[in-house]
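Examination of the molecular architecture
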Amino acid sequence: MASPVQIRVTINGTLHTHEVEPRLLLVHYLREVCGLTGTHVGCETSLCGACTVLVDGKAVKSCTMFAVQADGCALTTIEGLAVNGDLHPVQEGFWERHALQCGYCTPGMVMTAVQLLADRKRPTREEIAHALRGNLCRCTGYTHIIDAVEHAAARR
Amino acid sequence: MAVEYRVYPAAFEYFAPRTVDEALELLGRYGDEAKILAGGQSLLPMMKLRIAGPRCLVDVNRIAGLDLLRREGDRLEIGALCRHADMVESPLVRDLLPIMTDAARQTADVQVRHRGTVAGSLAHADPAGDWPAALMALDAVVRIAGLGGRRTMPLHEFIVDAYSTRLDAAEMVVGVSIGIPAKPSGGAYVKFEKRAGDFAVASVGVQIDLEGDRCRSVAVSLGALGPTPIRARAAEDVVREAAPSADRVDRAAELVREAAQPFADTRGSVEYKRHLAGVLFRRAFAAALDRARGRQVETIHL
Ligand SMILES: Cc1cc2nc3c(=O)[nH]c(=O)nc-3n(C[C@H](O)[C@H](O)[C@H](O)COP(=O)(O)OP(=O)(O)OC[C@H]3O[C@@H](n4cnc5c(N)ncnc54)[C@H](O)[C@@H]3O)c2cc1C
Ligand code: FES
Ligand code: FES
């Protein structure tokens, strides 16, 4: 085994320090080392976006980055969105507009949408669909997800 | 480590050098067993499937200064850490080389664009890669650093075959330099994909420089239509030094179909891709011409 590397990562405002094997994927670090299982592993092959988290404010697929690469970074996962039990506007939108069925894709969808709304105040439906290209959903047919993001944008 | 965590890639030694020289020194020491890690958006998927299993990864993401994107005289200089997303967002790129904005916006999805780099795409040389195809229509030069010093190489010489370049194991791409076309000029990159965010079934880039209503120069590049991007030079000749008439565009589209060397795969048959090449050429040519004439046109429908 290659030498472990020490990393310091701020996740949802809390500093975590661990020794990790370089080949440990960020998503497995979050789920198995930090116990933050809200971030899902869908395809494992970088295609589905279920594992999306924000690294220094940018949406990335956490199955396509090594944990060592997050050293010194600030991460936001789905667990970090609600404040004192109040849902984030995007989460509220998913709730109000029934944007999930099995829920497997939801954490990734929500994180990508959060990033979109950080960049654009009132995206069009086409822009929302374009932004969510990296997130697959096998249940909803996407329409309600776009509704949810629109709902969130209007609420701010 | 007390607990065994889930891992997919084979084990490797990890280095995150702070300077190009340190990176080169590591590459020199590990030779063929080392790989550069840039955006990781091609390398990690391969390592997870164990198609790639480098013993040493040289993560260049922490090297300062490689993320610069700037104009220097009549060239656009793109540092090796410029991400696809940086290109989507850059007003400079949109103004000087809209063909590059097209390519960036159509590459993968937002998550991949946040990490994947232009230089990494060229080094990876995927036959269906959008940067190799789009930049082949421009005066693109790859900036290379090795222990012996620095050198530059035109992109068409750099990529030699599918997934293979002239880069030595102990070298790295430090940037890409693009000649800025004198106005009036315009370019467009059009891609056809089977599903959102996928690699191209076929793609065409066109860059036109105008003089009055004549095309002073025209470059046509084809992506995913051969082992490397292809310049359709016979087609270029038909539309160069002439006012672009419907007849000439028809003839050029015919020559584009002939220049294509597609292979059949799950994305389509040879015949289908050849047909697509002609269609995409017409779209890209029309958009490039419109832009050269100062009109705002979109090549993708959001
Ligand atoms: C879901 C998904 C969809 C995608 N869709 C598309 C698409 O539509 N179009 C498209 O073009 N691409 C697509 N890609 C690939 C993506 O664009 C990659 O970012 C790109 O191919 C490689 O760039 P990178 O920076 O990620 O390189 P890495 O993955 O880090 O490296 C790729 C290879 O290049 C080498 N390398 C990287 N940087 C350098 C350097 N500076 N010097 C020398 N060697 C270097 C590495 O050693 C490695 O061999 C997709 C990827 C994914 C995961
Ligand atoms: S699990 Fe990361 S993209 Fe599917
Ligand atoms: S709700 Fe089931 S995959 Fe999206």
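Residues numbered from 1 in each chain as written. Chains lettered and ligands numbered in written order. Predicted model: local features only at pLDDT ≥ 70, side-chain atom pairs only at ≥ 80, totals over all residues. Heavy atoms only, no water.

In this section: the domain arrangement of chain A. Residue and element names in this part refer to chain A. With domains assigned, chain A is organised as domain 1 (5-79) and domain 2 (89-155). Using C-alpha coordinates to define each centre, domain 1 is positioned 21 Å away from domain 2. With 18 residues of domain 1 at the contact, the number on the domain 2 side is 13 residues. Between domain 1 and domain 2, the buried area comes to about 1100 Å², and carbon and sulfur atoms account for 61% of it. Joining domain 1 to domain 2, the criterion identifies zero salt bridges. One can count six residue pairs in polar contact (both at pLDDT 80 or more) joining domain 1 with domain 2. If you list the elements that add at least two residues to the side of domain 1 that touches domain 2, you get strand S3 (52-55) and strand S4 (58-61). (Domains from an automatic or database assignment. Contact = heavy atoms within 4.5 Å. Buried area = accessible area lost by both parts, 1.4 Å probe. Salt bridge = Lys/Arg side-chain N within 4 Å of Asp/Glu carboxyl O. Polar contact = N/O pair within 3.5 Å; in protein donor to acceptor, adjacent residues only side chain to side chain. Helix = DSSP H or I, 4+ residues; strand = E, 2+ residues; numbered from the N terminus.)

To continue, consider a negative patch on the surface. Taken together, Asp 119 of chain A together with Asp 67, Asp 86 and Glu 89 of chain B make up a surface patch of like negative charges. The residue Asp 119 of chain A is located in helix H3 (residues 106-119) in this model. (Patch = residues over 30% accessible without salt bridge, like charges linked within 9 Å, V, L, I, M, F, W, Y side chains within 5 Å. Areas by Shrake-Rupley, 256 points an atom, 1.4 Å probe, with all protein chains shown as cover. Lys, Arg positive; Asp, Glu negative; His and termini not counted. Charge placed at Lys NZ, Arg CZ, Asp CG, Glu CD.)

In the region of ligand 1, 31 residues are neighbours, and Ile 36, Gly 40, Ser 42, Thr 117 and Asp 130 of chain B sit closest. Neighbouring residues of ligand 1 are distributed over chains A and B. Interatomic distance of 2.8 Å between a backbone N/O atom of Gly 39 of chain B and an oxygen atom of ligand 1. Thr 117 of chain B has a polar side-chain atom sitting 2.6 Å from an oxygen atom of ligand 1. (Near = heavy atom within 4 Å.)

The subject of this paragraph is the state of the cysteines. Residues and elements named next belong to chain A. Taken as a whole, this structure holds zero disulfides over all chains when the rule is applied. Of all cysteine sulfurs in the structure, the one in Cys 73 sits closest to Cys 34, which takes part in no disulfide; the separation is 13 Å. The class of Cys 34 is buried, set by a relative accessible area of 17%. (Disulfide = S-S within 2.5 Å. Buried < 20%, exposed > 50% of the residue type's maximum accessible area, 1.4 Å probe, protein only.)

This part takes up the interface of chain B and chain A. Residue-level contacts link 41 residues of chain B with 39 residues of chain A. In this assembly, chain B packs against chain A so that about 3400 Å² is buried in total across both faces, 58% of it on carbon and sulfur atoms. Where Glu 193 of chain B meets Arg 133 of chain A, a salt bridge forms, and the shortest distance between an N and an O atom there is 2.7 Å. Summed over the shared surface of chain B and chain A, the result is 17 residue pairs in polar contact (both at pLDDT 80 or more).

Turning to the nonpolar core, a few remarks are in order. Met 100, Leu 135 and Ile 178 of chain B are the most contacted members of the largest nonpolar core, which has 54 residues in total. Here this core gets six residues from one element, more than from any other, and that element is helix H1 (residues 20-30) of chain B. Among the nonpolar cores identified, the runner-up in size contains 35 residues, and Ile 7, Leu 36 and Val 53 of chain A together with Leu 37 of chain B belong to it. (Core = buried A, V, L, I, M, F, W, Y, C linked by side-chain atoms within 4.5 Å.)

Moving on, we come to the pairing of strand S2 (residues 14-20) of chain A. Residue and element names in this part refer to chain A. As judged from the seven bridges shared by strand S1 (residues 5-11) and S2, these two strands associate in the antiparallel manner. Within the sheet, the bridge partner assigned to Gln 6 lies in S2 and is Glu 19. Between S1 and S2, which pair antiparallel and follow one another directly, the connecting turn spans two residues, one of which, Asn 12, has a positive phi of 50 degrees. (Pairing = 2+ DSSP bridges.)

The next thing to look at is the packing of helix H11 (residues 246-259) of chain B against helix H12 (residues 270-292) of chain B. Residues and elements named next belong to chain B. At their nearest, the axes of H11 and H12 sit 8 Å apart, and the two run at 140 degrees to each other. Relative to H12, the element H11 lies oblique. Regarding H11 and H12, the two cross each other, and that crossing is right-handed. Counted together, Val 249, Asp 250, Ala 252, Ala 253, Val 256, Arg 257 and Glu 258 of H11 and Arg 274, His 275, Ala 277, Gly 278, Phe 281, Arg 282 and Phe 285 of H12 form the full contact between these two elements. (Axes fitted to C-alpha atoms, helices over the stretch in contact; angles between N-to-C directions. Parallel < 35°, antiparallel > 145°, perpendicular 65-115°, else oblique. Left-handed = near helix turned anticlockwise from the far one by under 90°.)

It is worth spelling out the environment of Val 174 of chain B at this point. All names here are of chain B. With respect to the helices and strands, Val 174 occurs in strand S10 (residues 172-179). Take Val 174: its relative accessible area is 9%, and that puts it in the buried class. Along the sequence, Val 174 and Gly 28 sit 146 residues apart, while their C-alpha atoms lie 16 Å from each other.

Residue and element names in this part refer to chain B. If you walk across this open sheet you meet the three strands as S1-S3-S2, and the pairing is parallel. Since the sheet does not close on itself, it has two edges, and those belong to strand S1 (13-15) and strand S2 (34-37), each with one partner. On average, adjacent strands in this sheet sit at an angle of 25 degrees to one another, irrespective of strand direction. In the packing of H1 onto the sheet, the strands contacted are S1, S2 and strand S3 (56-59), and the crossing angle to S3 comes to about 165 degrees.

All names here are of chain B. For the coordinates displayed, the defined rule picks out 29 salt bridges over all chains. Residues Arg 151 and Glu 171 are paired through a salt bridge, measuring 2.8 Å at the closest nitrogen-oxygen approach. A residue pair is termed long-range when its members are at least 10 positions apart, and Arg 151 in strand S7 (residues 149-154) and Glu 171 in the loop between strand S9 (164-165) and S10 qualify at 20 residues. Assessed through its relative accessible area of 31%, Arg 151 is described here as partly exposed.

All names here are of chain B. Considered domain by domain, chain B is made up of domain 1 (13-59), domain 2 (69-179) and domain 3 (185-292). Here the C-alpha centre of domain 3 lies 20 Å away from the C-alpha centre of domain 2. Of all residues in domain 2, Gln 106, Pro 127 and Met 136 give up the largest surface area on contact with domain 3, accounting jointly for 26% of the area buried on that side. Summed over the shared surface of domain 2 and domain 3, the number is two salt bridges. Between Arg 291 and Asp 102 there is a salt bridge whose closest N-O contact spans 2.9 Å. Listing elements by their share of the side of domain 2 that touches domain 3, those giving two or more residues are helix H5 (98-105), helix H8 (130-135) and strand S8 (159-161). Partitioning the side of domain 2 that touches domain 3 into residue classes produces 15 nonpolar, three polar and four charged. (Nonpolar A, V, L, I, M, F, W, Y, C, P; charged D, E, K, R; others polar.)

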